[in-house]
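# Observations on the three-dimensional arrangement
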Amino acid sequence: MNTLIERRAILRGGALGAVGLGLTGLLPAWAQSGTAGLAPQMPTLSGEDIRLKIGHDAFTVGGRTGHAVTINGVLPAPLLRLREGQNVRLHVENALDEDTSIHWHGLIVPFQMDGVPGISFPGIKPRSTFTYEFPIKQSGTYWYHSHSGLQEQLGHYGPLVIDPAGADPVAYDREHVIVLSDWTFFHPHQVIARLKQEGGFFNRQKQTLMDRIQGKDRMSHADRNMFAKMRMDPTDSADVTEAAYTFLINGHGPQENWTGLFRPGERVRLRIINSAAQTIFNVRIPGLRMTVVGTDGQYVRPVVIDEFQIGNAETYDIIVEPTEDRAYTFVAESIDRSGMGRATLAPRLGMTAPVPPLRKRPLLGMKDMGMGGMGGMDHGSGARAGTATAPAMDHGSMDMRDKSKVDFKVGVGVDMIAPNPVDRTGDPGIGLENVGHKVLTYKDLVNLHPNTDTRVPTRNVEIHLTGNMERFMWSIDGQKLSENPEPIRFERNERARLTLVNDTMMTHPMHLHGHFFEIVNGNPGNQPLKHTIMVLPGGKVSLDLTADAPGDWAFHCHLLYHMHAGMMRVVTVRPLDGEAA
Ligand SMILES: [Cu+2]
């Protein structure tokens, strides 16, 4: 068996490799379920006044220590546990020597409290404190994170759970918050520089990989090898892979094996949050079916599944009901199958279950190239993600930039316009089409409560997600945010239908601040509410929006490096309070 865990244990050695041997009771609790110095239990803050201090700390995973940006000294940041109906004042002290910020992801707040520097507030200067204050008007599973630079990649994120004012629509005996993330020992600016260089490499196609690696690099041999393994080809499904990333669950690497306890027979609620900077995960628990009861903090009708794909910034609440006195492995496999986050659910600390091997790298098909509706063209010859030889990439055989399809300028930053994008809300996500068990799709989501705004949308707004993969350029309607595109404007309380069209071959988890939109997924009256939605490659999705939150809001891809590259817009809802209509 050549599982990830064993491979890592061999490569990195260290005392924690013994965990896989099942030495129940022989190791102290932290060694079984935590990095040294981090308690297995998540630090939790509640009440009306909460103090958060953003600073630098060392972070250790897999026997190696790196530099992190932390909140109150921990990664992930403390769990904020609030109650619907309360007021909260969050005093955020910046102990960094650069600006910072906190965005409360999915929370309905006045725009001045939304925490996006340059859009909703000026940011928090070094050695200063900013107090956020707002009423809590909702319940469910959310999170919070930096909206400054690339700090999120360095550890600046944490979970936020709001208990309902009344009875919880979800019955459960026990719960665990599960924060998925990606950690790298590279500085994020190194990562982004490389992403751009890699693109140049694939453009030139003259050098061999080894020429490049052995060239003018001043990196250590180990780091060169790691980058050599990073696969960032034009048809790849992830930009940054396991070669550069350690996938974390509640701040624990696969070896540290974060463990959540249960008693057989209990209904266990898992609040799963994708806090990764650049990783979409496939989540499953071999041996346990999962009942989805919520997404993005909103309650849905229970749906039983075996696996789901979770985009950056999405959250899912699921119920599992383990009846046996045994351990189960919680698997969070990266979308490109280059690695996984691993945790364990067990009746006692120290128990482990088999870790499934990584599955084959996913293939991209005609749909992923925006040719979904062109039935006769799909010969079943899927292109392997990770090669540049996909048939559709042969620019000689088809015009991938048919400018007549769109009404924006198609410049060098756009390498493809999907010829025939289709609604993919019924698809399970890249690589999950034929896994032999039930995978959640967006069409399975039915809002538990009827939608409150039943008006028919009066305006259609089509928005294209665009890019040039080889140059690592990412944009909306062909323009980066730095090019000062016009904001996307809504009349206050306007009911509009947004259609997002993905003209690229990557999945983009798109997030709108300050609002929930409804996915138009064939469940009229009970369309699921989301703050973040994955738009599959070559696909499109329609969203009904009631623009009821006045102010300026960010709208962006939640892949951190895509947002950083410019896949972002300002959404403006007017009039403000007291302003003439
Ligand atoms: Cu993106």
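Right, let's walk through the structure included here. These figures come from a predicted structure and were not determined experimentally. (Residues numbered from 1 in each chain as written. Predicted model: local features only at pLDDT ≥ 70, side-chain atom pairs only at ≥ 80, totals over all residues. Heavy atoms only, no water.)

## Overview of the packing of aromatic side chains
- Applying the stated criterion across every chain yields a total of 14 aromatic pairs.
- Measuring from centroid to centroid gives 5.9 Å for Phe121 and Tyr132, while their planes differ by 45 degrees, and the two rings are tilted. Taken together, the positions of Phe121 in the loop between β6 (103–105) and β7 (129–135) and Tyr132 in strand β7 put the pair eleven residues apart, joining distant regions of the chain.
- Overall, Phe121 belongs to the buried group, its relative accessible area being 7%.
- Note on Tyr132: relative accessible area 0%, which makes it buried.
- Aromatic ring contacts, followed pair by pair, group Trp104, Phe121, Phe130, Tyr132, Phe134 and Tyr144 into a single cluster. (Phe/Tyr/Trp six-rings, centres within 6.5 Å; stacked < 30°, edge-to-face > 60°. Helix = DSSP H or I, 4+ residues; strand = E, 2+ residues; numbered from the N terminus. Buried < 20%, exposed > 50% of the residue type's maximum accessible area, 1.4 Å probe, protein only.)

## Description of the nonpolar core
- Leu180, Leu270, Ile285, Phe308, Ile318, Phe330 and Phe490 are the most contacted members of the largest nonpolar core, which totals 95 residues.
- In this structure, Ile285 is in contact with Leu270, Met290, Ile318, Val320, Tyr328, Thr329, Phe330 and Leu345, ignoring residues within four places of it in sequence.
- In this structure, Leu90, Met113, Ile124 and Phe134 belong to the second largest nonpolar core, which totals 29 residues. (Core = buried A, V, L, I, M, F, W, Y, C linked by side-chain atoms within 4.5 Å. Contact = heavy atoms within 4.5 Å.)

## Digging into the coordination of the copper ion
- Those donors, His508 (ND1), Cys557 (SG) and His562 (ND1), are the protein atoms that reach the copper ion, and they lie 2.0 to 2.1 Å from it.
- Given the relative accessible area of 0%, His562 is considered buried. (Donors = N, O, S within 2.8 Å, 3.2 Å for Na, K, Ca; no water.)

## Notes on the sheet that holds strand β3 (residues 64–71)
- The strand order across the open sheet formed by four strands is β3-β2-β5-β7, and the pairing between neighbours is mixed. Bordering the open sheet on either side are β3 and β7, each of which pairs with just one other strand. Sheet twist, expressed as the average angle between the axes of neighbouring strands with direction ignored, equals 25 degrees.
- Direction of pairing for strand β2 (residues 49–61) relative to strand β5 (residues 87–94): parallel, over a ladder of six bridges. Residue pairing for β5: Ile54 is matched across the bridge by Asn94. (Pairing = 2+ DSSP bridges. Axes fitted to C-alpha atoms, helices over the stretch in contact; angles between N-to-C directions.)

## Notes on the pairing of strand β11 (residues 246–249)
- Alternating positions in β11 separate into two faces, Thr246 and Leu248 on one and Phe247 and Ile249 on the other, with burial throughout.
- Inspection of the sheet shows strand β10 (residues 174–183) paired to β11 by four bridges, in the antiparallel sense. The residue bridging Asp182 from the neighbouring strand is Phe247, located in β11.

## Focus on the sheet that holds β6
- Judged by pairing direction, the sheet is mixed, and its five strands sit side by side in the order β1-β4-β9-β8-β6 without closing on themselves. This sheet does not close on itself; its edge strands, each paired only once, are β1 (44–45) and β6.
- The sheet contact formed by strand β8 (residues 140–145) and strand β9 (residues 157–163) spans six bridges and is antiparallel. When the bridges of β9 are listed, Tyr142 appears paired with Leu160.

## Topic: unusual backbone geometry
- Cis geometry marks the peptide bond from Leu75 to Pro76; its omega dihedral reads -5 degrees.
- Mapped onto the secondary structure, Pro76 falls in the loop between β3 and β4 (79–83).
- Between Arg574 and Pro575 the backbone carries a cis peptide bond, its omega angle lying at 0 degrees.
- Counting through the fold element by element, Pro575 comes out in the segment after β34 (568–574).
- The residue Asp296 is not glycine, and still its phi comes out positive at about 55 degrees.
- Relative to the helices and strands, Asp296 resides in the loop between β15 (290–295) and β16 (298–305).
- The phi dihedral of Ala313 falls on the positive side, at around 85 degrees, and the residue is not glycine.
- Note on placement: Ala313 falls in the loop between β17 (308–310) and β18 (315–320).

## Quick notes on the pattern of salt bridges
- Within this structure, the stated rule accounts for 32 salt bridges.
- With its nearest N and O atoms 4.0 Å apart, the salt bridge here joins Arg89 to Glu48. Separated by 41 residues along the polypeptide, Arg89 in strand β5 and Glu48 in the loop between β1 and β2 bring together distant segments of the chain.
- Taking relative accessible area as the criterion, Arg89 reaches 23% and is therefore assigned partly exposed.
- Judged by its relative accessible area of 40%, Glu48 falls in the partly exposed class.
- Note that Lys530 is salt-bridged to Asp296, the shortest N-O span being 3.3 Å. Remark: Asp296 occurs in the loop between β15 and β16 and Lys530 occurs in strand β30 (residues 529–530); sequence separation between them is 234 residues.
- What emerges from the salt-bridge pattern is a single network uniting Arg81, Asp163, Asp168, Glu175, Arg269, Arg271 and Asp317. (Salt bridge = Lys/Arg side-chain N within 4 Å of Asp/Glu carboxyl O.)

## Some words on the side chain of Arg342
- Here Arg342 lies in strand β20 (residues 340–346).
- No salt bridge is formed by the buried Arg342; its nearest oppositely charged neighbour, Glu256, is found at 8.6 Å.
- A distance of 3.0 Å separates a polar side-chain atom of Arg342 from the backbone oxygen of Pro254.
- For Arg342, the side chain forms a polar contact with the side chain of Asn257, separated by 3.5 Å. (Lys, Arg positive; Asp, Glu negative; His and termini not counted. Polar contact = N/O pair within 3.5 Å; in protein donor to acceptor, adjacent residues only side chain to side chain.)

## With respect to the pairing of β20
- The buried fraction of β20 is high, at seven of seven residues.
- Residues Met340, Arg342, Thr344 and Ala346 of β20 are buried on one face, and the alternating residues Gly341, Ala343 and Leu345, pointing to the opposite face, are buried as well.
- For strand β19 (residues 328–334) and β20, the ladder comprises six bridges, and the chain directions are antiparallel. For Ala332, the partnering residue across the bridge sits in β20 and is Gly341.
- Counted between consecutive antiparallel strands, the loop separating β19 from β20 contains five residues, among which Arg337 sits at a positive phi close to 65 degrees.

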